[in-house]
Amino acid sequence: QMQLEESGGGLVQPGGSLRLSCEASGAFFSIDAMAWYRQPEGNQRELVAHITRAGTAYYADSVKGRFTISRNNAKNTVYLQMNGLKLEDTAVYYCNAGYGSGSDYTPRPSWGQGTQVTVSS
């Protein structure tokens, strides 16, 4: 069973930056792709970015050029650097460790508690 723990969320003004972190722990052999999702209040969870084990990253159009996903395989950790934050980036952000095939990502059914990101003036 894999556990995921997200951190780094908070309150930030429009145009500001935040860096999210997520560490995977527990019983698993290895991690293929990792991803960040977000779920605005009252909306469905959506894929924000994912990254292969080799480091190839894919982004949703809404965050391309502003967010950067990275990972440390030795630490089973994935990061999300968020710059130029907008009001519409407000959401609970979740990480996931799943499977990637090119630009496609399939999540594992293991989720952490998420971390709240609020962009407000």
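Refer to the structure presented above.
Small disclaimer: the values here were computed from a predicted structure and weren't measured.

Caption draft 1: Structural context of the pairing of strand S11 (residues 115-119). Along S11, the buried face is formed by Thr115, Val117 and Val119; none of Gln116 and Thr118, which line the opposite face, is buried. Two strands pair when backbone bridges link them, and strand S2 (residues 10-12) and S11 are joined in this way by 3 bridges, in the parallel orientation. Bridge pairing links Gly10 to Val117 in S11. Relative to S11, strand S9 (residues 91-101) is paired through 3 bridges, and the arrangement is antiparallel. In the sheet register, Tyr93 faces S11, and the bridge partner there is Thr115.

Caption draft 2: View of the side chain of Arg71. Its location among the elements puts Arg71 in strand S7 (residues 67-72). Buried within the structure, Arg71 lacks any salt-bridge partner; its nearest side chain of opposite charge belongs to Asp32, at an N-O separation of 6.1 Å. Reaching out from Arg71, the side chain makes a polar contact with the backbone oxygen of Asp32 at a distance of 2.7 Å. Apart from the residues within four sequence positions on either side, Arg71 is in contact with Ile31, Asp32, Ala33, Met34, Ile51, Thr52, Arg53, Thr77, Val78 and Tyr79.

Caption draft 3: Inspection of unusual backbone geometry at higher detail. In the Ramachandran plot, Asn76 falls in the positive-phi region, its phi being about 50 degrees despite a non-glycine side chain. By secondary structure assignment, the location of Asn76 is in the loop between S7 and strand S8 (77-82). Classification of Asn76 by relative accessible area gives partly exposed; the value is 23%.

Caption draft 4: Summary view of the nonpolar core. By size, the foremost hydrophobic cluster in this structure holds 26 residues, and its most contacted members are Trp36, Val48, Phe67, Val78, Leu80, Met82 and Tyr93. Among the secondary structure elements, those contributing two or more residues to this core are strand S1 (2-7), strand S3 (18-26), strand S4 (33-39), strand S5 (46-51), S7, S8, S9 and S11.

So, how was this worked out
Residues numbered from 1 in each chain as written. Predicted model: local features only at pLDDT ≥ 70, side-chain atom pairs only at ≥ 80, totals over all residues. Heavy atoms only, no water. Buried < 20%, exposed > 50% of the residue type's maximum accessible area, 1.4 Å probe, protein only. Helix = DSSP H or I, 4+ residues; strand = E, 2+ residues; numbered from the N terminus. Pairing = 2+ DSSP bridges. Lys, Arg positive; Asp, Glu negative; His and termini not counted. Salt bridge = Lys/Arg side-chain N within 4 Å of Asp/Glu carboxyl O. Polar contact = N/O pair within 3.5 Å; in protein donor to acceptor, adjacent residues only side chain to side chain. Contact = heavy atoms within 4.5 Å. Core = buried A, V, L, I, M, F, W, Y, C linked by side-chain atoms within 4.5 Å.

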